[in-house]
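Given next are the chains, with one letter for each unit.
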Amino acid sequence: MVHYLPKGCSIPNNPTPLPRERPNLTCGAKNEHQPLVFGSSILGSESNIPSQFIWPDHEKPCLEAPELVIPTIDLGVLLSEDSLAVSKAAELVNETCKKHGFFMVVNHGVDSELIDKAYQFMDLLFGLQLSEKQKAQRKLGESYGYASSFVGRFSSKLPWKETLSFRYCPDSPNLVEQYFVNVMGEDFRHFGRLYQEYSEAMSKLSLGIMELLGVSLGLDKAYFRDFFKGNDSILRLNHYPPCQKPDLTLGTGPHSDPTALTILHQDQVGGLQVLADEKWHSVTPIPAAFVVNIGDTFMALSNGIYKSCLHRAVVNKRTVRRSLAFFLCPTMDKAVTPPAGLVNSANPRIYPEFTWATLLEFTQKHYRADMKTLDAFSNWLQQQE
Ligand SMILES: C=C1C[C@]23C[C@H]1CC[C@H]2[C@]1(C)CCC[C@@](C)(C(=O)O)[C@H]1[C@@H]3C(=O)O
Ligand SMILES: O=C(O)CCC(=O)C(=O)O
Ligand SMILES: [Fe+2]
């Protein structure tokens with residue numbers, strides 16, 4: 001099987017058999033050759049895909065997944081004084097978050113032009129030469145920067161994607177703009193401004209959703225809104241090149257998000273899949289809607305009442321797929337512990353108290369976020385004591 005990779009990169013002549021996935025990743029085995037990197041222009045056209053991108057049979061995608069029907073919440077209710085409409089929305093949120101934690105929001109107030117520009121700029125960024133993109137190369141243990149297929153970090157089950165992630169904090173109004181200038185240069189300042197504006201819109205939207213989540217759990221609407229007013233979040237641009245063997249690989253492997261809340265916009269290609277009732281379901285893209293899902297950190301905050309669920313992204317032969325994922329995270333050292341009202345004899349405390357800083361470090365240095373992250377993290381915490 002012939003692999004075509006950019007010059008200077010190679011796969012060992014006798015590719016070692018895919019190592020059994022170590023339960024906890026320390027870091028991808030760096031072989032004596034250059035680590036495997038790929039520019040989407042290369043692998044998007046290859047019919048043979050490198051073995052590191054081939055996932056085990058039990059995790060290979062089923063490309064024809066039934067559609068998951070998830071509730072759509074009209075966020076206009078948050079601005080209305082209509083308490084009946086708010087309680088109906090809260091009931092819907094409560095029902096879906098106890099099941100799989102996914103719902104859609106419409107009438108969210110985010111300008112469609114801002115979303116379009118975020119995609120246009122993403123296409124320009126991922127269309128750059130690999131050497132240009134690698135100016136923002138993500139370093140091991142860091143959760144920001146450019147990553148191409150996560151080589152050097154994982155030794156197998158590589159995701160078929162390129163990503164660019166950056167940090168957003170509402171208290172640092174130029175953080176994103178400055179990041180782009182620092183790592184990509186002055187010519188990219190307007191990219192930073194755009195993603196700063198997009199992140200601000202996401203942060204504002206997530207605080208509104210936090211009001212609804214508070215009400216849906218019988219708490220004051222300000223409870224989670226205040227908890228996340230200061231946040232230390234991540235905006236991630238996902239770029240999934242076309243793949244000639246889409247049934248052998250995954251754009252993003254099965255995982256629950258370790259973060260608190262994810263606000264995802266996917267383009268019209270489709271590819272997001274959610275595990276519900278033990279079956280993979282597709283989530284049909286709706287341009288005017290954001291997909292919202294509960295993450296592990298919010299599952300802990302809700303004392304396990306709301307579920308952070310498995311999802312993944314499949315790729316296709318025909319075209320690039322893109323998604324914008326805003327991951328709302330608490331400030332680094334804030335104690336993640338459920339409010340007293342959610343802990344009682346019927347719902348005893350499930351997870352130990354932790355900080356987002358520790359969970360983030362766990363997912364970046366010790367464990368590849370998957371379907372068991374929070375349980376593995378809880379065990380790891382006990383071992384640290
Ligand atoms: C805190 C994070 C780690 C990941 C990005 C954010 C939230 C989702 C996580 C991730 C997408 C879960 C699947 C595995 C992962 C390695 C990936 O495919 O990108 C995860 C991200 C990461 O560790 O970079
Ligand atoms: O691209 C998608 O649809 C999902 C991506 C995702 O789950 C993630 O980045 O955490
Ligand atoms: Fe995710």
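Cut-offs used in this document
- Residues numbered from 1 in each chain as written.
- Chains lettered and ligands numbered in written order.
- Predicted model: local features only at pLDDT ≥ 70, side-chain atom pairs only at ≥ 80, totals over all residues.
- Heavy atoms only, no water.
- UniProt positions renumbered as here; feature names shortened; annotations may be inferred.
- Core = buried A, V, L, I, M, F, W, Y, C linked by side-chain atoms within 4.5 Å.
- Buried < 20%, exposed > 50% of the residue type's maximum accessible area, 1.4 Å probe, protein only.
- Helix = DSSP H or I, 4+ residues; strand = E, 2+ residues; numbered from the N terminus.
- Contact = heavy atoms within 4.5 Å.
- Pairing = 2+ DSSP bridges.
- Axes fitted to C-alpha atoms, helices over the stretch in contact; angles between N-to-C directions.
- Near = heavy atom within 4 Å.
- Polar contact = N/O pair within 3.5 Å; in protein donor to acceptor, adjacent residues only side chain to side chain.
- Areas by Shrake-Rupley, 256 points an atom, 1.4 Å probe, with all protein chains shown as cover.
- Nonpolar A, V, L, I, M, F, W, Y, C, P; charged D, E, K, R; others polar.
- Salt bridge = Lys/Arg side-chain N within 4 Å of Asp/Glu carboxyl O.
- Phe/Tyr/Trp six-rings, centres within 6.5 Å; stacked < 30°, edge-to-face > 60°.
- Lys NZ or Arg CZ within 6 Å of the ring centre and 35° of its normal.
- Patch = residues over 30% accessible without salt bridge, like charges linked within 9 Å, V, L, I, M, F, W, Y side chains within 5 Å.
- Lys, Arg positive; Asp, Glu negative; His and termini not counted.
- Charge placed at Lys NZ, Arg CZ, Asp CG, Glu CD.

- As named in an unreviewed UniProt entry, the protein is Gibberellin 20 oxidase 1-D-like, taken from Durio zibethinus.
- We quote the UniProt Sequence similarities (unreviewed entry) comment for the protein here in full: "Belongs to the iron/ascorbate-dependent oxidoreductase family. GA20OX subfamily."

## Details of the nonpolar core
- Phe-180, Tyr-195, Ile-209, Leu-213, Leu-237 and Phe-298 are the most contacted members of the largest nonpolar core, which totals 93 residues.
- Among the elements that line this core, the one with the most residues is helix 7 (residues 189-216), at 12 residues.
- Residues contacting Phe-180, with those up to four places away along its chain left out, are Leu-125, Leu-164, Phe-166, Gly-185, Phe-188, Phe-191, Gly-192 and Tyr-195.

## Quick look at the sheet that holds strand 8 (residues 272-276)
- Here 4 strands make up an open sheet; going across it, the order is 6-11-8-9 and the pairing antiparallel. In the strand order of this sheet, the two ends are held by strand 6 (252-255) and strand 9 (279-282), each with one partner. Across this sheet, the average inter-strand angle for adjacent strands is 20°, counted without regard to direction.
- Judged from the 2 bridges that link them, strand 6 and strand 11 (residues 311-313) form a sheet pairing that is antiparallel. Among the inter-strand pairings, His-255 is bridged to a residue of strand 11, identified as His-311.

## Let's talk about the site of ligand 1
- Close contacts around ligand 1 come from 16 residues, with Arg-138, Arg-153, Lys-161, Arg-236 and Gln-364 the closest.
- One of the side-chain nitrogen or oxygen atoms of Arg-236 is found 2.6 Å away from an oxygen atom of ligand 1.
- Protein burial of ligand 1: of its 460 Å² of free accessible surface, 96% is covered by the chains.
- Mapped onto the shell around ligand 1, the elements with two or more residues apiece are strand 6 and helix 10 (356-366).
- The biggest single contributor to the shell around ligand 1 is helix 10, with 3 residues.

## Structural notes on the site of ligand 2
- Residues in close proximity to ligand 2 include Asn-238, Tyr-240, His-255, Asp-257, Leu-264, Leu-272, His-311, Ala-313, Arg-321, Ser-323 and Phe-327, which together make up its full environment.
- The contact in question runs from an oxygen atom of ligand 2 to an N or O atom on the side chain of Tyr-240, over 2.7 Å.
- At a separation of 3.1 Å, an oxygen atom of ligand 2 approaches a polar side-chain atom of His-311.
- Protein contacts shield 96% of the accessible area of ligand 2, which totals 300 Å² for the unbound molecule.
- The element best represented in the shell around ligand 2 is strand 12 (residues 321-328), accounting for 3 residues.
- When its residues are assigned to classes, the shell around ligand 2 shows 5 nonpolar, 4 polar and 2 charged.

## Regarding the UniProt feature "domain: Fe2OG dioxygenase" (unreviewed entry) in the protein
- According to UniProt, the feature "domain: Fe2OG dioxygenase" (unreviewed entry) maps to residues 230-330 in the numbering used here.
- The span residues 230-330 is 6% helical and 43% strand by assignment, and the distance between its end C-alpha atoms comes to 7 Å.

## Some points on the pattern of salt bridges
- On inspection of all chains with the given rule, the structure shows 13 salt bridges.
- Across the pair Lys-60 and Asp-57 runs a salt bridge, and its minimum N-O distance is 2.5 Å.
- For Lys-60, a relative accessible area of 23% gives the class partly exposed.
- By relative accessible area, Asp-57 is classed as exposed at 65%.
- Note that Glu-177 and Arg-189 form a salt bridge whose closest N and O atoms lie 2.8 Å from each other. Placement of Glu-177 in helix 6 (residues 175-184) and of Arg-189 in helix 7 is noted, with a sequence separation of 12 residues between them.
- On the accessibility criterion, Glu-177 (10% relative accessible area) is buried.
- One connected set of salt bridges, linked through shared partners, spans Glu-177, Glu-186, Arg-189 and Arg-193.

## Describing the packing of aromatic side chains
- Enumeration over the complete set of coordinates arrives at 19 aromatic pairs.
- When the centroid spacing of 6.5 Å and the interplanar angle of 45° are considered together, the rings of Phe-126 and Tyr-146 count as tilted. Within this pair, whereas Phe-126 is found in helix 4 (residues 112-126), its partner Tyr-146 is found in strand 3 (residues 145-148), the two being separated by 20 residues in sequence. Take Phe-126 and Tyr-146: they sit in the same class, and that class is buried.
- Three or more aromatic residues joined by ring pairs make a cluster, and in this case those are Phe-354, Phe-362, Tyr-367, Phe-377 and Trp-380.
- Its end group placed over the ring of Trp-280, Arg-312 keeps NZ or CZ at 4.1 Å from the ring centre.

## Looking at the pairing of strand 2 (residues 102-106)
- Within strand 2, 4 of the 5 residues are buried, which leaves the element mostly enclosed by the surrounding structure.
- Pairing of strand 2 with strand 10 (residues 290-294), which is carried by 4 bridges, proceeds in the antiparallel orientation. Residue pairing in the sheet places Phe-102 in a bridge with Asn-293 of strand 10.

## Points about a negative patch on the surface
- The grouping of Asp-111, Glu-113, Asp-116, Glu-197 and Glu-200 at the surface amounts to a negative patch.
- When contributions to the negative patch are tallied by element, the ones reaching two or more residues are helix 4 and helix 7.
- Within the element layout of this structure, Glu-200 appears in helix 7.
- Glu-200 gets classed as partly exposed once you look at its relative accessible area, which sits at 34%.

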